[in-house]
Amino acid sequence: MSMNRRSVVKAIAAGGALVGASVLMPRIAMAAWTTKAFEAEDQATAMNELLGGAAEESAEVTLKAPDIAENGAVVPVTVSSSMAGVESMSIFVENNPNPLVAEFLIPAGTDADVSTRLRMGKTSKVTAVVKANGKLYSASKEVKVTIGGCGG
Amino acid sequence: MKIIKTLALGLTVAAVTQMTHAADTGFDMQTVDPEADRIALQKYFKSRFPESDIADYVNGIYAVDAGSREQWEELEEFPPYEFDVEKGEELFNTAFANGKGYADCFENGGVGIRQNFPYWSKEEGTVKTLEQEINECRVSNGEEPLKWGKGAIAQISAYMAWTSRDKVFDIKIPADDERAKAAYLEGKKFFYAKRGQLNLSCANCHVQGTNIAIRADLPSPQLGHVTHFPVFRSKWGSLGTLHRRYSGCHKDSRSKPLKPQAEEFRNLEYFQSYMSNGLVANGPGSRK
Amino acid sequence: MAKGILKVKAKASGDKTKVKLMAKHIMESGQRKDKKTGELIPAKFLQELKVMHGGKEVFAANLGTAISKNPYFAFNFAGGAKGDELTMTWVENSGATSTETAKVK
């Protein structure tokens with residue numbers, strides 16, 4: 001009954017008119033794990049596969065992340081947005097082997113404010129992309145990852 | 001900037017080494033004064049980092065470096081060692097084959113006693129650590145001893161530390177047994193002795209070098225060092241004991257690591273724990 | 001009840017419920033090599049996580065291998081009260097899946 005993401009993308013790609021606005025209804029059905037997006041090796045492709053396009057920078061998206069990560073294996077980040085109508089928030093780490101890290105789905109009633117911990121292979125730009133009312137907005141920050149002298 | 005800082009460290013070390021030796025007491029039985037050493041250490045860090053509370057040194061480098069503190073606070077929202085503490089509790093409460101348990105080996109059933117370790121044992125004429133006694137408990141009850149560095153021993157130690165949170169360290173050096181003071185002195189000498197390919201002492205990094213970048217790491221202060229062990233190090237991705245870190249740090253600083261629970265390490269732990277008297281037990285901790 | 005992998009701290013706070021959860025999971029990326037054999041350790045990671053409250057989905061996540069070991073998530077949703085139950089379902093890349101519950105405090 002509910003169309004999943006792949007079907008929607010296919011329908012759009014086929015150039016056919018979407019069957020009524022209900023297809024773009026804010027989800028109750030969860031988007032399936034999009035293999036192509038998670039396995040993409042460059043950020044533009046990952047973003048395209050997941051969200052269907054590029055995002056515009058917006059001051060209404062906030063990405064909290066350290067300037068210098070204490071340890072690349074556990075980098076705490078928080079993504080939030082003051083916008084109304086947020087449907088999802090996704091995180092990309094540009095220089096990771098697979099830039100797409102996670103996609104968080106925000107049903108109505110849930111704050112657009114999610115914290116998590118990421119793995120970063122090396123210094124990289126980290127980007128949060130918020131999908132609100134069908135449009136994409138982003139915020140980025142460079143997070144440095146260093147190798148300390150005190151390994152052990 | 002990093003290179004300049006490292007060179008500066010080298011120069012600072014040379015200059016400050018003299019100062020540090022003057023600040024605390026001597027290195028032989030006649031001149032060493034543990035209590036004066038302890039107070040001198042607190043004074044030193046108070047002057048280095050005037051904004052930091054002495055009590056906060058149980059949080060290591062996070063007491064003195066804001067950038068890493070923020071990340072640590074995020075981790076503390078849901079610390080990575082929680083699973084280990086749960087596991088530790090389970091292990092602690094699981095009886096041995098003979099029906100006895102860890103609670104039978106420790107005073108107060110093993111609860112709330114972390115701050116009493118390590119201690120000088122007159123009977124055995126040596127310093128006893130918590131991990132040592134965990135394994136002695138096992139062996140005396142017919143069980144195999146656990147490996148010293150990580151896994152079950154760290155988890156049990158973490159649980160015992162957890163039950164002792166906020167209890168104040170009050171390590172004793174019994175006046176009626178000179179050997180205890182000698183053990184403290186050995187630990188102190190070890191801490192200040194230069195060793196290995198880099199000719200570094202513990203003090204070079206953890207006293208003079210505290211919060212000064214060594215490549216991309218900031219050494220933690222010696223004050224409060226042992227209070228938060230065992231430790232979940234992101235580097236390890238797991239929980240490890242104090243002696244695991246002692247060995248590891250030796251490898252990192254290019255000197256031959258001793259085995260965990262070696263006498264030198266136990267004396268070092270004794271010295272370091274005495275230095276943290278007055279601070280609370282804060283284990284397990286999470287660190288980079 | 002079988003012990004789950006999710007540890008949840010959910011607290012009713014004003015008109016919201018604040019949730020912090022951590023999963024006990026290695027999140028093996030599939031890029032590490034076994035030190036002894038030199039072979040790649042196969043990927044084993046949580047791919048999906050869904051949290052429901054009162055029959056309504058309040059949070060969902062699609063995850064990749066760059067989420068840290070012992071995945072952690074914090075989020076807040078409107079409503080909820082002490083004693084309410086949260087239902088969480090996770091799916092691993094292996095196909096393994098499970099549903100666990102937790103109470104709001």
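Please read these numbers as outputs of a predicted model, since none were measured by experiment.

Each value, and the rule that gives it
- Residues numbered from 1 in each chain as written.
- Chains lettered and ligands numbered in written order.
- Predicted model: local features only at pLDDT ≥ 70, side-chain atom pairs only at ≥ 80, totals over all residues.
- Contact = placed C-beta atoms within 7 Å.
- Helix = DSSP H or I, 4+ residues; strand = E, 2+ residues; numbered from the N terminus.
- Nonpolar A, V, L, I, M, F, W, Y, C, P; charged D, E, K, R; others polar.
- Pairing = 2+ DSSP bridges.
- Axes fitted to C-alpha atoms, helices over the stretch in contact; angles between N-to-C directions.
- Parallel < 35°, antiparallel > 145°, perpendicular 65-115°, else oblique.
- Buried ≥ 20, exposed ≤ 12 C-beta atoms within 10 Å, placed from the backbone.
- Arc of directions from axis to C-beta.
- pLDDT = per-residue confidence, 0-100.

## Brief notes about the interface of chain B and chain A
One frequently used descriptor of interface size is the decrease in accessible area upon assembly of the parts. Taken residue by residue, the interface counts 18 residues in chain B and 15 residues in chain A. For the side of chain B that touches chain A, the element with the highest residue contribution is helix α3 (residues 66-76) of chain B, accounting for six residues. A breakdown of the residues in the side of chain B that touches chain A according to their chemical character gives four nonpolar, six polar and eight charged.

## Considering the interface of chain A and chain C
The interface is formed by 28 residues belonging to chain A together with 23 residues belonging to chain C. Breaking the side of chain A that touches chain C down by element, the ones donating at least two residues are β6 (100-105) and β7 (113-118) of chain A. Here the side of chain A that touches chain C is composed, by residue class, of 17 nonpolar, six polar and five charged. Pairing of β6 of chain A with strand β4 (residues 56-63) of chain C, which is carried by four bridges, proceeds in the antiparallel orientation. What sits directly across from F104 of chain A, in β4 of chain C, is A61 of chain C.

## Some details on the packing of helix α7 (residues 178-192) of chain B against helix α10 (residues 263-275) of chain B
Between two packed helices, what matters for the description is the angle formed by their axes and the separation of those axes. Residues and elements named next belong to chain B. At a minimum axis separation of 7 Å, α7 and α10 run at an interaxial angle of 95°. Relative to α10, the element α7 lies roughly perpendicular. Here A183, Y184, E186, G187, K188, F190 and F191 of α7 come into contact with α10, specifically with E264, N267, L268, Y270, F271, Q272 and Y274.

## A few points about the pairing of strand β2 (residues 16-23) of chain C
All names here are of chain C. As defined by bridge partners, strand β1 (residues 6-13) adjoins β2 across eight bridges and the pair is classed as antiparallel. In the strand pairing of β2, V8 is matched with L21. Two successive antiparallel strands, β1 and β2, enclose a turn made up of two residues, where G14 displays a positive phi of approximately 65°. One ladder, built from seven bridges, connects β2 with strand β5 (residues 72-78); its direction is antiparallel. Looking at the pairing, K20 lines up with A74 of β5.

## What about helix α4 (residues 82-92) of chain B?
All names here are of chain B. Listing the buried residues of α4 in full gives D84, V85, K87, G88 and F92. Each buried residue of α4 sits inside an arc of 165° when the element is viewed along its axis, so together they form one side. Those residues of α4 hidden inside the fold are in contact with α6 (152-162), β3 (231-233) and β4 (238-240).

## Quick look at the sheet that holds strand β5 (residues 285-287) of chain B
Residues and elements named next belong to chain B. An order of β4-β3-β5 is seen for the three strands of this open sheet, with the pairing classed as mixed. Edge positions in the sheet fall to β4 and β5, since each of these pairs with one other strand and no more. Strand-to-strand twist across the sheet, computed as the mean angle between neighbouring axes with direction ignored, equals 35°. In terms of strand pairing, β3 meets β4 through three bridges, oriented antiparallel. Of the residues in β4, the one forming a bridge with R233 is S238.

## Topic: the confidence of the model for chain C
Averaged over chain C, the pLDDT score is 95; the fraction of residues at 70 or greater is 98%. Overall fold confidence for the complex sits at a pTM of 0.86, while the interface term, ipTM, reaches 0.95.

## As for the pairing of strand β7 (residues 97-103) of chain C
Residue and element names in this part refer to chain C. Direction of pairing for strand β6 (residues 85-92) relative to β7: antiparallel, over a ladder of seven bridges. When the bridges of β7 are listed, V91 appears paired with T97. Hairpin connection, β6 to β7: the antiparallel pair is bridged by four residues, and G95 has positive phi, about 100°.

## Quick notes on α3 of chain B
Residues and elements named next belong to chain B. The complete set of buried residues in α3 reads S68, Q71, W72, E74 and L75. Around the axis of α3, the buried residues are gathered within 155° of arc, so they sit on the same side. Of the exposed residues in α3, those oriented more than 90 degrees away from the buried face are A66 and E73.

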